[in-house]
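Structural overview for review
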Amino acid sequence: MLIASELLHLYNEIISGPVVSDTCISGECVSMLYETSWVKVMVVRYQVAPDICSIEVEISFPDCVIEVVFPSSISSQEHAHEYIESTVDHLKYLLKLKDAGFSLGILSLEGIWSAVLQIKGNPDVKLFEDILPPEFE
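Below or above, wherever it landed, is the structure these notes cover.

Turning our eyes to something else, we now look at the overall build of the chain. Counting its secondary structure elements, the chain contains three helices and six strands. Taking the principal axes of its C-alpha atoms as reference, the chain extends roughly 60 × 30 × 25 Å. For the chain, with 137 residues in total, the buried portion stands at 34%. For the chain, the share of sequence-separated contacts (at least 6 apart) that also reach a separation of at least 24 residues comes to 56%.

Encoded structure:
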């Protein structure tokens, strides 16, 4: 199980390296901090301001198709219930990120919900406790 101190360590590894141009698009370099089927957490660095970076969290709902049939099987209803609960948990997670200082964004056509925090200096482990997604709490 991923813990906040491991995320902080990975973050420090990412920002200690050079802002390399071949991994950048228009001067913006994106490194994956971690990823699940629901969540991507990325560190974004900028060639024009290498001391400033941001953490971007994106949530997109994994593919799921549960047809409504009668009579419905117990396992399909349990799966639907779990998927809905996980969706609610991840949306509440975004609200928790807002409370931690992140700015929220929604790209409804793409099905992406996001939160972004600009970082100057060295964040402490508390920030990485806040960005642990629901499956790691």
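If you trace the six strands from one edge of the open sheet to the other, you get E1-E2-E3-E4-E6-E5, paired in antiparallel fashion. Where the open sheet ends on each side, the last strands, each with one partner, are strand E1 (24–25) and strand E5 (103–107). Contacts between helix H1 (residues 4–16) and the sheet are confined to strand E2 (28–35), strand E3 (39–46), strand E4 (49–60) and strand E6 (112–120), with E2 contributing the most and set at about 160 degrees to the helix.

Now for the packing of aromatic side chains. To describe a pair of aromatic rings, you give the distance between the ring centres and the angle between the ring planes. If you walk through the whole model with that rule in mind, you get four aromatic pairs. For the ring pair Tyr-11 and Phe-128, a centre distance of 5.3 Å and an interplane angle of 50 degrees mean the geometry is tilted. Taken together, the residues span a long stretch of sequence, with Tyr-11 in helix H1 and Phe-128 in helix H3 (residues 125–130) at a distance of 117 residues. Tyr-11 sits in the buried class, given a relative accessible area of 0%. The exposure class assigned to Phe-128 is buried, which follows from its relative accessible area of 0%. Residues Phe-61 and Trp-113 carry aromatic rings whose centres are separated by 6.2 Å and whose planes lie at 40 degrees to one another, so their mutual orientation is tilted. A residue pair is termed long-range when its members are at least 10 positions apart, and Phe-61 in the loop between E4 and helix H2 (74–99) and Trp-113 in strand E6 qualify at 52 residues.

Attention shifts here to the pairing of E3. Counting buried positions over the eight residues of E3 gives six, a clear majority of the element. Note: E2 against E3, seven bridges, orientation antiparallel. Looking at E3, one finds that Tyr-34 is bridged to Val-41. Counting the residues in the hairpin turn of E2 and E3 gives three residues. Taking the residues between adjacent antiparallel strands as the criterion, E3 and E4 are bridged by two residues.

About the criteria used
Residues numbered from 1 in each chain as written. Predicted model: local features only at pLDDT ≥ 70, side-chain atom pairs only at ≥ 80, totals over all residues. Heavy atoms only, no water. Helix = DSSP H or I, 4+ residues; strand = E, 2+ residues; numbered from the N terminus. Buried < 20%, exposed > 50% of the residue type's maximum accessible area, 1.4 Å probe, protein only. Contact = heavy atoms within 4.5 Å. Pairing = 2+ DSSP bridges. Axes fitted to C-alpha atoms, helices over the stretch in contact; angles between N-to-C directions. Phe/Tyr/Trp six-rings, centres within 6.5 Å; stacked < 30°, edge-to-face > 60°.

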